[in-house]
Amino acid sequence: SCHPSTRQMNIQQHSVDPLEVPRNLLKEVLPSLLHSIMFMRAFGLVRPIDVCIDSLDVYYTKIEEPAIEKKIADRVDEFIDNITKKKLKKAQILVSFYEKKLKSGFGGLTTKYEQVCWEQWVLSLDITASVPSSPSPSSGTDGSQVLAGEIRRRITQIMKMGNESKAHIPPLTTKEVAPFPYEISIPTASEGGMMDMVWNMLKSPAPILT
């Protein structure tokens, strides 16, 4: 888990540019960002699949891995339920990756594994009521085209961040597609002080997922 000295640890944090998303499209848009992150941190024999958000004509790549697909689908549903119940207009979802490290105790007489966070991705969303159907006076394009362009830019940003930042990735000890424990989490915070909540979560024990 990420202990209280987390701030001093070598954690790579990627904050993706905030994205404005209509509430009715969250179930389609949010998976595209989460799957893009997981794809950038997939190793071993990866089976990529191109997926299209039909309503926006936006393509992204995901891994054909049932456990990852289920985890993302569950968290997206939880995220939507959370903002609906609390009527939030701003919300975040985090993707954290951990490394299992052997820790000695009692003068080396006992050993146990602990999870240390080495990377976290922060997705910040501004929730709107619906996609504007009328063309923008400045661009002449409708709201769907504008949103599609913004999503593509975020996916490109995720890919660039993932490709340019690799030196901190721990050594691989397995050939699994997802070799590192990971967690997709939702800060249970009000609309203010979201980044403080991110650090508080990092300092708290993380659930062990394999």
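The structure we're discussing is the one just above.
Chains are numbered independently. Their residues run from 1 in the order of the written sequence. In keeping with the predicted nature of the model, local features appear solely for residues at pLDDT of at least 70, side-chain atom pairs appear and are counted solely at 80 or more, and the whole-chain, interface and lining totals rest on all residues. Heavy atoms from the whole structure form the basis of all side-chain values; hydrogens and water molecules are not counted.

Hey, could you run me through the pattern of salt bridges in this one?
Once the charged atoms of two side chains with opposite charge are near each other, the side chains can pair. By definition here, a salt bridge exists when the distance from a side-chain nitrogen of Lys or Arg to a carboxyl oxygen of Asp or Glu is within 4 Å. Throughout the structure, instances matching the rule amount to 10 salt bridges. For the salt bridge of Glu78 with Arg75, the shortest nitrogen-to-oxygen distance reads 3.3 Å. Taken together, the residues Glu78 and Arg75, both in helix α2 (residues 66-86) and three residues apart, mark about one turn of the helix. Residue class for Glu78 comes out partly exposed when judged on its relative accessible area of 38%. Residue burial is assigned from relative accessible area. The probe radius is 1.4 Å, only protein chains are included, and a residue is buried under 20% of its type maximum, exposed over 50%, and partly exposed in between. Assessed through its relative accessible area of 16%, Arg75 is described here as buried. Among the ionic pairs, Asp126 bridges to Lys90, the shortest N-O distance being 3.0 Å. One end of the pair, Asp126, is in strand β6 (residues 110-128); the other, Lys90, is in strand β5 (residues 90-105), and 36 residues separate them in sequence. Three or more residues are tied together by salt bridges with common partners; here these are Arg75, Glu78 and Glu183. By the criteria applied, helices consist of DSSP H or I runs no shorter than four residues and strands consist of E runs no shorter than two, each listed in order from the N terminus.

Which parts of the structure should I look at to understand unusual backbone geometry?
For residues other than glycine, phi is negative in most cases, and the peptide bonds are mostly trans. Unusually for a residue other than glycine, Asp57 sits at a positive phi of about 60 degrees. Along the chain, Asp57 turns up in the loop between β3 (48-53) and β4 (58-63). Given the relative accessible area of 46%, Asp57 is considered partly exposed.

Even after reading the chapter, I still don't get the pairing of β4, so can you show me in this structure?
Regular strands place side chains that alternate from one sheet face to the opposite one. DSSP-based pairing: two strands are paired if at least 2 bridges between them are found. One ladder, built from six bridges, connects β3 with β4; its direction is antiparallel. Residue pairing in the sheet places Cys52 in a bridge with Tyr59 of β4. Here β3 folds back onto β4 in antiparallel fashion, the turn holding four residues, of which Asp57 has a positive phi close to 60 degrees.

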